[in-house]
Structures are given as C-alpha cells and as structure tokens.
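Reading the structure
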Protein chains: 2
Amino acid sequence: MSALRSAFPILERVAYLNAGTDGPVPQAAQQAAVRELASQVEQGRTTAHFERRFELQDGLRTGYAELLGCDVADIALSTSTSEGIGKVLAGLDVGADDEIVTSTDEHPGLIGPLIAARARGARIRAVPFTGLADAVGPATTLVATSHVNWRTGELAPPELADTGVPLILDGAQGAGAIPVDVLKLNCAAYAASGQKWLCGADGTGMLYLAPEFRERVNAIAPSYLSFADASRGFESELKADARRYDTPSLAREVIAFSLAALDILRAADLSAVLARGPVLAATLAGRLEAHGRTVAPRGHTTLVAWEDDDPEATRDRLATADVIVRNLPGTPYVRASVGAWSSEDDLDRLLDAL
Amino acid sequence: MSALRSAFPILERVAYLNAGTDGPVPQAAQQAAVRELASQVEQGRTTAHFERRFELQDGLRTGYAELLGCDVADIALSTSTSEGIGKVLAGLDVGADDEIVTSTDEHPGLIGPLIAARARGARIRAVPFTGLADAVGPATTLVATSHVNWRTGELAPPELADTGVPLILDGAQGAGAIPVDVLKLNCAAYAASGQKWLCGADGTGMLYLAPEFRERVNAIAPSYLSFADASRGFESELKADARRYDTPSLAREVIAFSLAALDILRAADLSAVLARGPVLAATLAGRLEAHGRTVAPRGHTTLVAWEDDDPEATRDRLATADVIVRNLPGTPYVRASVGAWSSEDDLDRLLDAL
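Residues numbered from 1 in each chain as written. Chains lettered and ligands numbered in written order. Predicted model: local features only at pLDDT ≥ 70, side-chain atom pairs only at ≥ 80, totals over all residues.

**A word on the overall build of chain A**
- What chain A contains, in helices and strands, is 12 helices and 12 strands.
- Rg of the C-alpha trace for chain A: 21 Å, near the compact-globule value of 20 Å for 354 residues, within the 12% margin.
- Seen through its C-alpha atoms, chain A measures out along the principal axes to roughly 65 × 60 × 30 Å.
- Of all 354 residues assigned to chain A, the portion counted as buried reaches 58%.
- For chain A, the proportion of contacts with a sequence separation of at least 24, taken over those separated by at least 6, is 69%. (Helix = DSSP H or I, 4+ residues; strand = E, 2+ residues; numbered from the N terminus. Rg over C-alpha atoms; globule rule 2.2 N^0.38 Å. Buried ≥ 20, exposed ≤ 12 C-beta atoms within 10 Å, placed from the backbone. Contact = placed C-beta atoms within 7 Å.)

**Considerations on the sheet that holds strand 5 (residues 140–146) of chain B**
Residue and element names in this part refer to chain B.
- One open sheet holds the 7 strands; their spatial order is 2-8-7-6-5-3-4, and the pairing between them is mixed. Whereas interior strands pair on both sides, the edge strands pair on one side only; in this sheet they are strand 2 (75–78) and strand 4 (123–127). Geometrically, the sheet is characterised by an average inter-axis angle of 20° between neighbouring strands, direction not taken into account.
- Two elements, strand 7 (residues 189–193) and strand 8 (residues 205–209), share 5 bridges in a ladder whose sense is antiparallel. The residue bridging Ser193 from the neighbouring strand is Gly205, located in strand 8. (Pairing = 2+ DSSP bridges. Axes fitted to C-alpha atoms, helices over the stretch in contact; angles between N-to-C directions.)

**What about the domain arrangement of chain A?**
Residue and element names in this part refer to chain A.
- By domain assignment, chain A separates into domain 1 (2–17 + 269–353) and domain 2 (30–266).
- For domain 1 and domain 2, the distance between their C-alpha centroids amounts to 26 Å.
- Taken together, the contact between domain 1 and domain 2 spans 19 residues of the former and 14 residues of the latter.
- The set of elements that each furnish at least two residues to the side of domain 1 that touches domain 2 consists of helix 10 (270–290) and strand 9 (303–307).
- Residue contributions to the side of domain 1 that touches domain 2 peak at 5 residues, all from helix 10.
- Among the residues making up the side of domain 1 that touches domain 2, the classes are represented as 12 nonpolar, 6 polar and 1 charged. (Domains from an automatic or database assignment. Nonpolar A, V, L, I, M, F, W, Y, C, P; charged D, E, K, R; others polar.)

**A look at the relation of the copies chain A and chain B**
- Laying chain A over chain B is done by rotating through 180° and shifting 0.0 Å along the axis; what remains is an RMSD of 0.0 Å. Look at the turn and shift together and you get a two-fold axis relating the two. Closest approach to the rotation axis within chain A is made by the C-alpha atom of A:Val34, at a distance of 3.2 Å.
- Take the interface residues of chain A: 100% of them recur as interface residues in chain B, which is what a same-surface contact looks like. (Least-squares fit on C-alpha atoms with pLDDT ≥ 70 in both.)

**So, unusual backbone geometry**
- Look at A:Asp322: it is not a glycine, yet its phi comes out positive at around 60°.
- Not every positive phi belongs to a glycine, and B:Asn186 is a case in point at roughly 55°.
- By the element assignment, B:Asn186 lies in the loop between helix 7 (182–185) and strand 7.

**A short note on the pairing of strand 7 of chain B**
Residue and element names in this part refer to chain B.
- In terms of burial, strand 7 is a largely internal element, 5 of the 5 residues being buried.
- A two-sided burial pattern is seen for strand 7, the buried positions comprising Ala189, Ala191 and Ser193 on one face and Tyr190 and Ala192 on the other.
- Pairing of strand 6 (residues 167–170) with strand 7, which is carried by 3 bridges, proceeds in the parallel orientation. From the neighbouring strand, Leu169 faces strand 7, where its bridge partner is Tyr190.

**Here we look at the pairing of strand 6 (residues 167–170) of chain A**
Residues and elements named next belong to chain A.
- Every second residue of strand 6 is oriented toward a common face, with Leu167 and Leu169 on one face and Ile168 and Asp170 on the other, all of them buried.
- The pairing of strand 5 (residues 140–146) with strand 6 spans 4 bridges and is parallel. Looking at strand 6, one finds that Thr145 is bridged to Leu169.

**Digging into the interface of chain A and chain B**
- Facing the 67 residues of chain A at the interface are 67 residues of chain B.
- Of all the secondary structure elements, the ones that give two or more residues to the side of chain A that touches chain B are helix 2 (27–43), helix 4 (81–91), helix 5 (108–119), strand 4 (123–127) and helix 9 (252–267) of chain A.

**Remarks on the packing of helix 2 of chain A against helix 9 of chain A**
All names here are of chain A.
- Where helix 2 contacts helix 9, the two axes come as close as 7 Å, and the packing angle between them is 150°. If you check the angle between helix 2 and helix 9, you find them roughly antiparallel. Judged by the twist between their axes, the crossing of helix 2 over helix 9 is right-handed. Counting all contacts with helix 2, which are made through Ala28, Ala29, Ala32, Ala33, Glu36, Leu37 and Gln40, the residues of helix 9 involved are Arg252, Glu253, Ala256, Phe257, Ala260, Ala261 and Ile264. (Parallel < 35°, antiparallel > 145°, perpendicular 65-115°, else oblique. Left-handed = near helix turned anticlockwise from the far one by under 90°.)

**Quick notes on the confidence of the model for chain A**
- Scored by pLDDT, chain A has a mean of 97; 100% of the residues are at 70 or more.
- In the predicted assembly, ipTM is 0.96 and pTM is 0.97. (pLDDT = per-residue confidence, 0-100.)

**Remarks on the sheet that holds strand 7 (residues 189–193) of chain A**
Residue and element names in this part refer to chain A.
- A sheet is described by the order of its strands in space; here 7 strands give the open sequence 2-8-7-6-5-3-4, paired in mixed fashion. Only two strands of the sheet have a single partner each, and these edge strands are strand 2 (75–78) and strand 4. The average angle at which neighbouring strand axes cross in this sheet is 20°, direction not considered.
- Here 3 bridges tie strand 3 (residues 99–103) to strand 5, and the two strands are oriented parallel to one another. Bridging across to strand 5, Val101 finds its partner in Val143.
- Along the sheet face, helix 3 (residues 47–68) touches strand 2, strand 7 and strand 8 (205–209) and points at about 120° away from the line of strand 2.

**Considerations on the environment of B:Pro278**
Residues and elements named next belong to chain B.
- Tracing the backbone shows Pro278 in helix 10 (residues 270–290).
- Residue classification places Pro278 among the buried positions, given that 21 C-beta atoms sit within 10 Å.
- In sequence terms Pro278 and Thr301 are 23 residues apart; their C-alpha atoms lie 4.7 Å from each other.
- The contacts of Pro278, once residues within four sequence positions are left out, are Ile178, His300, Thr301 and Thr302.

**Focus on helix 11 (residues 311–320) of chain B**
All names here are of chain B.
- Taken together, the buried positions of helix 11 are occupied by Pro311, Arg315 and Leu318. In a view along the axis of helix 11, the buried residues occupy a sector of 70°, so they form one face of it. Of the exposed residues in helix 11, the ones pointing more than 90 degrees away from its buried face are Ala313, Asp316 and Thr320.
- Buried residues along helix 11 sit against strand 10 (323–324), strand 11 (326–327), strand 12 (333–337) and helix 12 (344–353).
- Asp322 lies just past helix 11 and shows a positive phi near 60°. (Arc of directions from axis to C-beta.)

**Description of the packing of helix 2 of chain A against helix 2 (residues 27–43) of chain B**
- As a packed pair, helix 2 of chain A and helix 2 of chain B sit with axes 10 Å apart at the nearest point and diverge in direction by 175°. As the angle between them shows, helix 2 of chain A and helix 2 of chain B are arranged roughly antiparallel. On helix 2 of chain B, the residues that touch A:Gln27, A:Gln30, A:Ala33, A:Val34, A:Leu37, A:Ala38 and A:Val41 of helix 2 of chain A are B:Gln27, B:Gln30, B:Ala33, B:Val34, B:Leu37, B:Ala38 and B:Val41.
- Along the lines of polarity and charge, the residues of the contact of helix 2 of chain A with helix 2 of chain B split into 10 nonpolar, 4 polar and no charged.

**Thoughts on the environment of A:Ala256**
- Counting through the fold element by element, A:Ala256 comes out in helix 9.
- Once residues lying within four places of it in the same chain are set aside, the contact partners of A:Ala256 are A:Ala32, A:Ala33, A:Glu36 and A:Leu56.

**A word on the environment of B:Ile124**
- Looking at where B:Ile124 falls in the secondary structure, it is placed in strand 4.
- Take B:Ile124: there are 17 C-beta atoms within 10 Å of it, and that puts it in the partly exposed class.
- With residues near it in sequence (within four places) discarded, B:Ile124 still touches A:Phe234, B:Ile100, B:Thr102, B:Leu114 and B:Arg118.

**Considering helix 12 of chain B**
Residues and elements named next belong to chain B.
- Restricting attention to buried positions, one finds in helix 12 the residues Asp346, Leu347 and Leu350. Along the long axis of helix 12, the arc covered by the buried residues comes to 100°, so they all point the same way. Facing away from the buried side of helix 12 by over 90 degrees, the exposed positions are Glu344, Asp345, Asp348 and Asp352.
- On its buried face, helix 12 is in contact with strand 1 (15–16), helix 10, strand 10 and strand 12.

As structure tokens, then:
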C-alpha cells in the first residue's frame, strides 16, 4: 500500500484521518481536472466537449457499478449521497398509509428527506440503530437507514435484508470504505458519495436502484438526459434504466477528478484497499481502548469514534499537530476515519497527540 | 470590450457563437479553479476547506442576486437551470385542480418537470410562445415558460407579469445575456445557468424564488445545509431563506470557476455587457436577412436563429471553419449565440462560412 499512500501528497505531512467527511486528494486527480479545464479554455465547449463529458460519465458510472456489485444500468450519477437519498424518498408515493422505520443515528442527508416524507403524511419511526430489524412490523412499508452508522461505525443489522420491506441505504460510509454488494444487502436503493472514501471531487456521487424497485420511484424532475429522445416534447419517454435519475449537469473537470481518484484505488487493487481500511481501524480502536478510551460500539468498518469531554476542542487541538479528525455535533464523540492509505505511523501520531 | 474579449483565449482563433449552450471560458476562471484544486491536494479538505467553499458560495450567491435584481436571501444555488425548475415544480402541491400554461417551444429541462406534474394530475396546456398571455384563463393556476425562447430568441410576452397567476420562468437564455429584473418580471421563480452567458462552470446555476411564493414550494429533499441547525434531528427546521433549496454539494473548484468568470464580466461593466450582446445579435440578424436568409422571429436578445435545409450538416461545416454555432433538433434552425465578447469579425466569419 506504500504506492497508494504516495499518491496523496498531503499524507507526507499530515495524519489525515477524515475521509468520512472528504477523502485525501490524489495528485493524479488534480492533474486530470486541470487537463479537462485547459481543454475547455482552448477548445471551447462544443460537441467534442459534450462527447468527452459523456465518456467520462460512462467511465465513472462503470466504476461505481463495479464497486457496488451491480449492473451499470442500475446506477445513476448524483452530486452527493444526499441528492441520491432525496431523489428516492421524494420520488416514492408515500403518505398516511406508510410507516418508515429509521434509526435515531441518521445523517441530516437522510433526516431531511424523511422530514419531507412526514410532511406528506408518512409516520417516521426512529429506533436505536441496532434495533432496526426488530422494529420492522406489519405496518412498516419502508426501512431507510445507514449502511454504516456515521457516528459509531456500526454496521446495519444484516437481518434487514430479509424483512420483506424495501430497504433504502445511506451508503456514505460504506462505498469505498468496506466491500459492498448491493445484491447481497438486498436493498432497493443505495446512495453514496464520490468525495469521501473514493477520494473524488466534492459534488459527485452514485445512486443504485434495484431494477424491480425503479418503477416505484418517480423521476420527479427529469431533464434533458433523462429522456430516451428529448426531441419528442411532451411525448418524450424516460430512459429505461437508472440514468433517468442522473443529476442534470456534472462538470467535466469534476467527473475527471473522481474517475482519476477511483483509478488510483483500482491500481492498488480495490479488494485489497477495501480489506485494509477496516483492519487498520480495528487496530486503532484496540489501541485507544488500551489507552483507557471508551470507544463507541463498532463493526468491521473504517470509522472509530471515542468519547471525549470536549470533542470540538480536541479536534482543534489535534489539528494543530497536523492530525485531522472530526467531532460529531450532538454526540460525545471524536471520530477518526482510517483508510487503506493510512499508516501505523498516522495512528501513532493520533495517539501521541491525544 | 476588447479587454473583455482578451479574457477568452479561444476567441483569438475561433468565432465561438455558442454561449446559449456553454459560454467561452475565461483564462482567469481556469486559473481560479486550478488554485482551489491545488489547495485541496496540499491542505486536505478540512475545516478551512469548508469555510472556503462557503465563502465562495456566498460570493457567487451575491453575484447572482445582483444580476437578477433581488435580495441575496432569495437566491438558491443549483447545478443547472433544469435542477432549479425541477425543484420548484416538484415542490409545488399540484394535481387535478391545476392547469399549467406553457408553450410549445420549451426546453426539455422544463418539459421534464411538466411531464412529472402531469403524472400527478395537472393539466398541461401548451400554446404558441407569443400566445402565452392570451392563453391564461380562469382555470389557469400556473404559467411556466421561458424568459427567452431558446429556439428563436423571442421574449416572453410582458403581459405575463399581470395575469395574477404565478409565473415560473426558465431563464437559461436570459440571465447574463440581457438585463433581468425579477421584480419587474413579477415572477414567482426564475431559474438560470452559470455556464452559459455567465461563462462559468458546467454544473452551476441559480434559482430565484419570490419570498411570498416560497411557502408554497416544499423543500422536497432538504440536506445538511438546508437546515438552520441540522443537529436537532427530526426536529430540525429549514432555513428561512432560499438557501433551503441549495443543491447539497458544489465543488469548490467549480464555484471558484463560476465566480471568477462573473468577475470578468463585472470588470467589463455588467450593464455594458448586457447591453452590447443584443445589439450585436441584431446586427447579425439584419446581415443574415440581407443575405437572403429567413431569420426566426426574435426579440432584443442574444440569440439569432435562421432556417437551413440541413441544420446539423451546416453546424458541422461551420465548425470546420472554426465557427461554432448549434442546430436545434426538431426545428429547421441553426442558432448563433452572440455575446458582448463577440466581434464584428466573428459575424463576418460566420457569414463567409455560410
């Protein structure tokens, strides 16, 4: 993994443990974006510009599909996990007949669309994360929760695959962090980010929609590229596959950034990358406990959260030592994000600075 | 305007008349994006990264508000005209009681959300563009149309300001092309693009929502920054102003690109820029007619469309002479976009190549 590590200039200087927010940026991603910018200045944004954008989009979509273990036709490109989750929940015809089970540990990117669903009449039942599967009852019509708990690093109960109720997963801390198989998870939808564990650009992301679930999710705001043939005006028909949900416009430099970052991870062997982060995170958790810290309950994931008397002050204090972690407002936790690019030395620096 | 023109390297070589799709890119915009990319590689994406993003967003929002003549609190940032229009129409509680008047000349970015509204029961009444105001009747609950017709360059009938029915304007060919005053237009919403007449990055745009209309437009998929205080979970409340509709994630390099491009136009005096494009476009229209071409009916705007036996072939033929225009699928037109950065020489080159 030393070749992987050397792809990220910041890691020479900083113990950067914040990929759960935004990953470190590979030099190659910057270079790819700069190339695409230069071409726009010199060649303009004509037919060739759009062809290049679509080529890059196809490449990114293919990479995201490989990552989630699904068909490329089942992936829409988004600007964020939040946009993906929002599109699914806003596109579902939910109302007073619906009970949506979720957890008390969700990110605002899921809470927001659930608040909007509540305004349309749905009942939202928020239970502790580990109790999600038990909370599904005869009235439950939908489960919407995190694949990996963003506060603790716990994994969603595997029994959620077998409740018989459609499962919508916020995969912000899953995709690129741990192996993800959307077919095995048996989820109806899986939304994730390009800029976190995949080290891509802000404003990129993916939405998987199971083919059999797609017909239930209205494309609430289709645009030019959502249609099979947009020149048919009010008779235009949506694309048959998940591209109907694509975000309307992604900058070429941003797609190239995310694709180049993904290529860096692939060059290091994606399965090795996905295996290493959780192992190193478990090492950190063990060492924190050995130092007397109370670590939040966690799964075999890349997040490690521990209790702290003043998480925000601790975050700031660590930052002055070039150790980058984050606090989680509303919780007692400081959280470290440990990726395959992290080193034992990064962990030492964190423990020393604490 | 020669200083403005020199900001765009491509204009040294190419008669670039395609800002109605994507504007020419100023060198300074590329440089601004490159700086922001370098900082992410070197400094990581930590607290300072987000502060910088928000600073850039504030700057862009302020610029867009000045451009549209509204309060900065009434502008949401979007990735595209399509996203803005889509958010408004999807957020309205429209159904079988609604008749939405629109034109037969709309862009797919408006047609898509109208098709979605039709699926929820609304009646869509599409009439010729110039007949829009006359088509508003007692059953009409909404008008949704272009400010500037993207096919012809006509202006929406000014009487639409006085129908008493909320007016949603697709301003893709308005903002940055001609003076826009949303208060004078008396529109409920105005959506526009950052990458066309404002020469910004793909994946940027603006949505104006009149304060009194805002309460009718549900935030269907709010995310982290939509909330006044997202740490309150399911009790979180939306921001009071239009920021509740902000797109969830815009890349820092992309915002900087669009802001730097806007600064180039401001440095050339925005009111002079907005005055010059339409004058030069009128010159082109007159010269085309003098050459026996049939020019589409148009207003005092920056678009000039003329009939052609094979618009696509003509577009490609002109491109080989480094004259960039576009065809409009489903119409007999080739369309030239004439900006303040265009020159008489560009028009000569177009006429010669024809």
